[in-house]
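Commentary on secondary and tertiary structure
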Amino acid sequence: MNFKTPALIAALTLSASASFASGDENNLLDNYLDAQAHAQAISEQLETMGVESNPNVEFNSPATLSQKLDAYEEKIDDLQGQFDIVRNAN
């Protein structure tokens, strides 16, 4: 396993957490885009570990940007949980 990858994920997590903590409505789009990128990064790491994953969130009905951000935060939590399980198993 590439040891730089967990450091990259940690950096992305801290960056995303700092962005989410700002709570500034003007940054909602930035936070949403950061969450999408964070989910993608974790998913790509899982793929390199041999775990199939999907970083995308499907919306069956129109959703506000805030709702989409919440959904991606949940997706990140799920992906991070999968990552932790696989990492601890090795």
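Residues numbered from 1 in each chain as written. Predicted model: local features only at pLDDT ≥ 70, side-chain atom pairs only at ≥ 80, totals over all residues. Heavy atoms only, no water.

Summed over all chains, the structure comprises one aromatic pair. Centre to centre, the rings of tyrosine 32 and tyrosine 72 are 5.7 Å apart; their planes meet at 80°, and the pair counts as edge-to-face. Of this pair, tyrosine 32 sits in helix α2 (residues 28–48) while tyrosine 72 is found in helix α3 (residues 65–89), placing the two residues 40 residues apart along the sequence. Among the residues examined, tyrosine 72 registers a relative accessible area of 4% and is labelled buried. Sitting over the face of the ring of phenylalanine 59, lysine 68 holds its NZ or CZ atom 5.7 Å from the ring centroid. (Phe/Tyr/Trp six-rings, centres within 6.5 Å; stacked < 30°, edge-to-face > 60°. Helix = DSSP H or I, 4+ residues; strand = E, 2+ residues; numbered from the N terminus. Buried < 20%, exposed > 50% of the residue type's maximum accessible area, 1.4 Å probe, protein only. Lys NZ or Arg CZ within 6 Å of the ring centre and 35° of its normal.)

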